Structures are given as structure tokens and as C-alpha cells.
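# Working through the structure, step by step
This is what each chain is made of:
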Amino acid sequence: MDFTFTEEQQAAAEAARGVFAGVAPDAVPSPALTRGAVADDFDRALWTRLASADLLSLLLDEEFGGAGLDAIALCLVLREASKVLARVPLLESSAAAAALQAYGGPELKSSLLARAGRGEIVLTVAANSRTGHDPAELAVTARQNDTAGATGATGATGTGDDHGAGGPGEPGVGEWVLDGVQTMVPWAYDADFVVVPARTGDDRSVLAVVARGHEGVVLAEQISTTGERLGELRLESARIADRDVITADGAWEWLRALLTTGTCAQALGLGERVLAMTGEYAGKREQFGHPIATFQAVAVQAADRYIDLRAMEVTLWQAAWRIASGAPGALPASGDVAVAKIWASEGVRRVVQTAQHLHGGFGADVDYPLHRYHAWAKHLELSLGPAAAHEEALGDLLAAHPLG
């Protein structure tokens, strides 16, 4: 077995390190210093640099201007992004584009993917459930309306230009009608299109590509622990053209797995940076004439957190490899994803808590970036379900697929 990364994957990580080298975590807006949202938009300058380095099109095929890489490459880049608290929708836009490429129709792919890879449009996904335990697709219902020609179908238009083959209201175009509420949609106010999972009357999951500002779509502001602006997406009989709805079996499950694994990569990168900060501080901070890093209690706590990070890392790469390769296993790939998210959620929480403890009062100083990492860690811990939710999912999988 070969556990090394390919040259292409390593090149993507190296390119990411080059782009993120200029990002200063000290300059990331602090939720402790701002009432409400920390900013009105994400870091557009950084987004442009990512596009110039071809890091927004990693998972896209060559015909759409991409590199044709896999989930492992994306996770390597996300790992670097979270070390500097990069304020960009890299995970959401990349994962959504990959899902559209894998499962979308030709019109949808030709109209959106190349632009997304160049950073001209931004995609996001409504993947968080109301409680973290309930499947997100159950929050929205989707019913097909084949008489759209009479009622006037409206395609996903983004900033006003229809991305499909026909224009709004074109006679004979089928449509879907969506109703429901999706909460905590990342970058909802900044994205051009939101990929919305929904449930049909015959208990199937579909993905609808919905433009921000689409008729029947209402956004309400929500604030993350990071201080970033999330969106409550309310769909009120929103009519989505048939070409903008993905009905392929497994599309939502694959997208959710990729998003969850990407979140684990972000948690790993953040945890690694926090432990490095803690090591640097403990090596310089002296008590009783000695660096506190030489104290056994401090060293043992740091060692425990190092073990957490290594467990987070190995489970992350197992999940990413299952997604990238499609290789069979004793459990479906969702089992490996659940294990990775359990470790990521629990591990990143323990890492930042220990870091705060070992930094003492200095860790709470708003002039020092550790409190920002703590806020981001809490967001990652709960995103796409806390550890308990994935333990429940893993238990269901084990019950359905007894081992040996």
C-alpha cells in the first residue's frame, strides 16, 4: 500500500501555501471586537489569488479549465487555508462544482462550471440541518410541476443572466416547486447560487441550484461563532427550472460526504496551527525560572493533543481516499466520513481548549489570534453535525452492516 501523496496533490498543497503565505491571522476580523457580522463580504482579494493559482478549479475536468484532481487534493488545500483562517468559500464552492460536474446535466455544467473554476461566480451549499442531527434534505420539500409552461418557469439566474438554454417563462419547460427553510447557509449573502438539498414526495433526495435573489427565496441573517454572516434560506413556492435540479441517485449523499470530509481537513489544519502556537508560547513563557514546556503536566497535555491531531489526520485521509477512489470497504464510505468527523469535532475542541489553558490569560487577549482560532474551531466542531450526530449515524451503519 502506498500512503504518499501524488506529485499533483503535493503541487496543489505547495501552491496553496504560496497563496496563503500572505494572509495574517491577526488581521482576520475578530468576533470579540465586532457586534453582529464581522464583515459584509468574504476576502475577495484572496479569492482572486486562489483563482489565479488555479486552486478554485482543482476538482474540475480539463474541459472546464480544471486540473482533474480529487478530494485528497482539495483537503490538502483546505488544510492550509484553515491554518491562516482564510475567509473564502473554498470548500463550499469547490464541493458544489464537483457535485454538479459528477451528477448535473450538460446545460447546468456548461453554464456554471468554467465560471466557478475561474472564480467569476461563487457557489455554496445549504447542508446544515436545524439541529445537527436531522438530515438537511428533510427541511425542504420538492414537488415536480409539469405544467410550468402555463405558470411561467423561472431558471436560476444569479445576477440576472439566465444560465440555462432557455429564458424564464419559456413555454413547455418543466419545473420543480420548493418549500421549506434551510438554516446556517455559509456565505449565503455572497454566493451567486446555492445548492439546496430537498426531499420529494416519494422519499428521494434532489439538489436544486437556486440563484440568490430568485423569486420565492428570502434570506435572513444569522451569525456564526466566527462572526461570519450565515443565512437562513426560506423557500416559499420557489419555482426552479427542471434543468437546474439534479435528480441522480446518490448526488446529495456524495456532496454531503465531500463537504463533511473537507470540514475535517479544515479542523486538522486549524488544530495543527494552534498546537504549534502553543508549543512556541510554552517554550518561551517562563515560571520559576524555567520554560513551562519543561513542566511534565504541560508536556503531557501537549502530547495528548498531538495524539488527537494524528488520529484526526489518519481518519481524514481514510475518508478522503474512500471518496476519491470509490473503493469498497466493510462499511459504506459514509462510515469512514462519520469516523473522521467524530475525531475532527472532538479533537479540534480539545486542542483549542488545551491551548487556551496553557496560554493562560494571554490566550484570551484580543490582540493575540488564539481567540479567533477558538471561535473558528467551535464553528467547525458543529458544522455538518457534532460528534454525537455522527456517532448515531455510525451506529445505524454498524447495525445495517454487521462486521465479521
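A short tour of the structure in this document, coming up. (Residues numbered from 1 in each chain as written. Predicted model: local features only at pLDDT ≥ 70, side-chain atom pairs only at ≥ 80, totals over all residues. Heavy atoms only, no water.)

### Topic: the packing of aromatic side chains
A full pass over the atoms with the stated rule returns four aromatic pairs. Consider the rings of phenylalanine 42 and tryptophan 47, whose centres lie 5.4 Å apart with planes at 65°: the pair is edge-to-face. Grouping residues by exposure puts phenylalanine 42 and tryptophan 47 together as buried. One aromatic cluster is present, built from ring pairs that chain together Phe42, Trp47 and Trp187. Between the NZ or CZ atom of arginine 229 and the centre of the ring of tyrosine 189, over which it lies, the distance is 4.1 Å. (Phe/Tyr/Trp six-rings, centres within 6.5 Å; stacked < 30°, edge-to-face > 60°. Buried < 20%, exposed > 50% of the residue type's maximum accessible area, 1.4 Å probe, protein only. Lys NZ or Arg CZ within 6 Å of the ring centre and 35° of its normal.)

### Observations concerning helix 1 (residues 7-20)
Its 14 residues give helix 1 an end-to-end C-alpha distance of 20 Å, which sits within 8% of 20 Å, the value for a rise of 1.5 Å per residue. Residues Gln9, Ala12, Ala13, Ala16, Val19 and Phe20 constitute the buried set of helix 1. Looking straight down helix 1, one finds that the buried residues subtend no more than 120° of arc, so they occupy a single side. Opposite its buried face, helix 1 presents the exposed residues Glu7 and Gly18, each directed more than 90 degrees away. Considering only its buried residues, helix 1 is in contact with helix 2 (44-52) and helix 3 (71-83). (Helix = DSSP H or I, 4+ residues; strand = E, 2+ residues; numbered from the N terminus. Expected span 1.5 Å × (residues − 1). Arc of directions from axis to C-beta. Contact = heavy atoms within 4.5 Å.)

### Observations regarding the packing of helix 4 (residues 90-103) against helix 5 (residues 106-117)
Where helix 4 meets helix 5, the closest approach of the two axes is 9 Å, and the angle between their N-to-C directions is 155°. Between helix 4 and helix 5, the crossing angle belongs to the class labelled roughly antiparallel. Crossing hand, helix 4 versus helix 5: left-handed. Facing helix 4, whose interface residues are Ala97, Leu100 and Gln101, helix 5 presents Leu108, Lys109, Leu112 and Leu113. For the contact of helix 4 with helix 5, the class distribution of residues is five nonpolar, one polar and one charged. (Axes fitted to C-alpha atoms, helices over the stretch in contact; angles between N-to-C directions. Parallel < 35°, antiparallel > 145°, perpendicular 65-115°, else oblique. Left-handed = near helix turned anticlockwise from the far one by under 90°. Nonpolar A, V, L, I, M, F, W, Y, C, P; charged D, E, K, R; others polar.)

### Describing helix 3
The first and last C-alpha atoms of helix 3 sit 19 Å apart over 13 residues, in line with the 18 Å expected at 1.5 Å per residue. Among the 13 residues that make up helix 3, 12 are buried, leaving the element largely enclosed by the rest of the structure. Residues of helix 3 that are buried in the fold lie against helix 1, helix 4, helix 7 (251-284), helix 8 (296-325) and helix 10 (370-382). Where helix 3 begins, the capping side chain belongs to aspartate 70, and its oxygen is found 3.2 Å from the backbone nitrogen of isoleucine 72. (Polar contact = N/O pair within 3.5 Å; in protein donor to acceptor, adjacent residues only side chain to side chain.)

### Comments concerning the pairing of strand 3 (residues 175-186)
Sheet faces and side chains relate simply in a regular strand, where the side chains alternate between the two faces. Taken across its 12 residues, strand 3 has 10 buried, putting it largely inside the fold. Pairing of strand 2 (residues 140-145) with strand 3, which is carried by six bridges, proceeds in the antiparallel orientation. Paired with asparagine 145 across the strands is glutamate 175, a residue of strand 3. Judged from the nine bridges that link them, strand 3 and strand 7 (residues 229-241) form a sheet pairing that is antiparallel. Residue pairing in the sheet places leucine 178 in a bridge with alanine 238 of strand 7. (Pairing = 2+ DSSP bridges.)

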